[in-house]
Amino acid sequence: MLLINLLPPELRKKRGGTDFNPIVLAVAASVVLSLVPAGTWAWMKYVRLPAARAVLAEQQALLAAKTAEAEAVEKLRAQISEFKAHRDLVIGLLAQKMYWARALDEFANAIAGPWTGFEVCCTDLQIQPVSKSTGSANSPRGKNDTSVTFMMKGRYKLVGEEKPKSGDYVKNFFNGIELSSFWKNQGLQEKPEKTYRGDTPAWNEDVSRVTIEFNLDWQRVKTIASSPSKGVK
C-alpha cells in the first residue's frame, strides 16, 4: 500500500531531522561571523599583546646590558690607546737618547793609540746636541725616520819625536782615528780631517819634542727608525 503526502512541502513533516531551515542557518552563520572579530580582538589583547610586551621588556633589558658592556669595552679601548700612546712616547724618547759611555770609552782608546813616533791627547772636549731632522722621501733612512746629531768639539795635541815628521804624525793620526772602532761603530760622519784647518808645529827644547795642536769638530749621528730597531749606542 502506498502512502502519498499531499501536503505542500513547507507543511510536510521533516524526516529524521536531517533537513535544516535556511533561515536558521543564516542567522547562526551571522552570529558566528559577528563573534570572529570580537574573538580576534580578545585574543590579540589578552594573549598576543601581553606576550609581545614581555618579549619587548626582555629585549630592552638585554639591550641595556649589552650597551653597558659595550661602553665598558670602549672605555677599556680608550685606556689601552692612552697607554699605547704613553708607551710610544717613552719608547720614542728612549730611542732619541744618545748613549755616551761606550762611545767615550772607544774614543779614549782611539786617542791612546798606539801611535808610532808620537803621542796624542785631547786637551778639551765639548759635546752638545745640534739638531733633530726627519728623513725625506728619497732619504736612505726613509721619510718617516729621524736622526739626532751631536757635535764633538775637541782640541788635540800631538807630541812627536821629530819636527820634520810633523805632517806624517798628523796624517797617521787621522788614518788611525778613521780605522778605529770608535769611528766605525759610533755613527761618526764624513772623515776625521773634514774640519781640519791646519796647524803650526812648535819645537819644545825642554822635552826635545815637537808639539802640534789643532781643533776638530766631529758629528755623531743616531738614526731613529720609524719601526723599532737597534740604533747607535
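Use the structure listed above.
First things first, this report covers the structure right here in the doc. (Residues numbered from 1 in each chain as written. Predicted model: local features only at pLDDT ≥ 70, side-chain atom pairs only at ≥ 80, totals over all residues. Heavy atoms only, no water.)

## Section: the overall build of the protein
Next up, step 1: When you go through the protein residue by residue, the secondary structure sums to four helices and four strands.
Next up, step 2: When the helices and strands of the protein are placed in sequence order, the string is α-α-β-β-α-α-β-β.
Next up, step 3: Out of the 233 residues in the protein, the part that is buried amounts to 21%.
Next up, step 4: When contacts within the protein are restricted to residue pairs at least 6 apart in sequence, long-range pairs at least 24 apart make up 67% of them.
Next up, step 5: As presented, the protein carries roughly 17,000 Å² of accessible surface, and 58% of it is formed by carbon and sulfur atoms. (Helix = DSSP H or I, 4+ residues; strand = E, 2+ residues; numbered from the N terminus. Buried < 20%, exposed > 50% of the residue type's maximum accessible area, 1.4 Å probe, protein only. Contact = heavy atoms within 4.5 Å. Areas by Shrake-Rupley, 256 points an atom, 1.4 Å probe, with all protein chains shown as cover.)

## Considering the pattern of salt bridges
Next up, step 1: Per the counting criterion, the structure on display carries seven salt bridges.
Next up, step 2: Among the salt bridges present, the one from aspartate 217 reaches lysine 153, with a minimum N-O distance of 3.5 Å. Of this pair, aspartate 217 sits in strand β4 (residues 209-224) while lysine 153 sits in strand β2 (residues 146-160), and the two are 64 residues apart along the sequence.
Next up, step 3: Residue aspartate 217 is classed as partly exposed on the basis of its relative accessible area of 30%.
Next up, step 4: On the basis of relative accessibility, which here comes to 30%, the residue lysine 153 falls in the partly exposed class.
Next up, step 5: Across the pair lysine 165 and glutamate 162 runs a salt bridge whose closest N-O atoms are separated by 3.4 Å.
Next up, step 6: According to the relative accessible area criterion, glutamate 162 is partly exposed, its value standing at 36%. (Salt bridge = Lys/Arg side-chain N within 4 Å of Asp/Glu carboxyl O.)

## Things to note about the side chain of glutamine 186
Next up, step 1: Inspection of the secondary structure assignment puts glutamine 186 in the loop between α4 (181-185) and β3 (202-204).
Next up, step 2: What makes glutamine 186 buried here is its relative accessible area of 1%.
Next up, step 3: In terms of polar contacts, glutamine 186 uses its side chain to reach the side chain of glutamate 106, at 3.1 Å. (Polar contact = N/O pair within 3.5 Å; in protein donor to acceptor, adjacent residues only side chain to side chain.)

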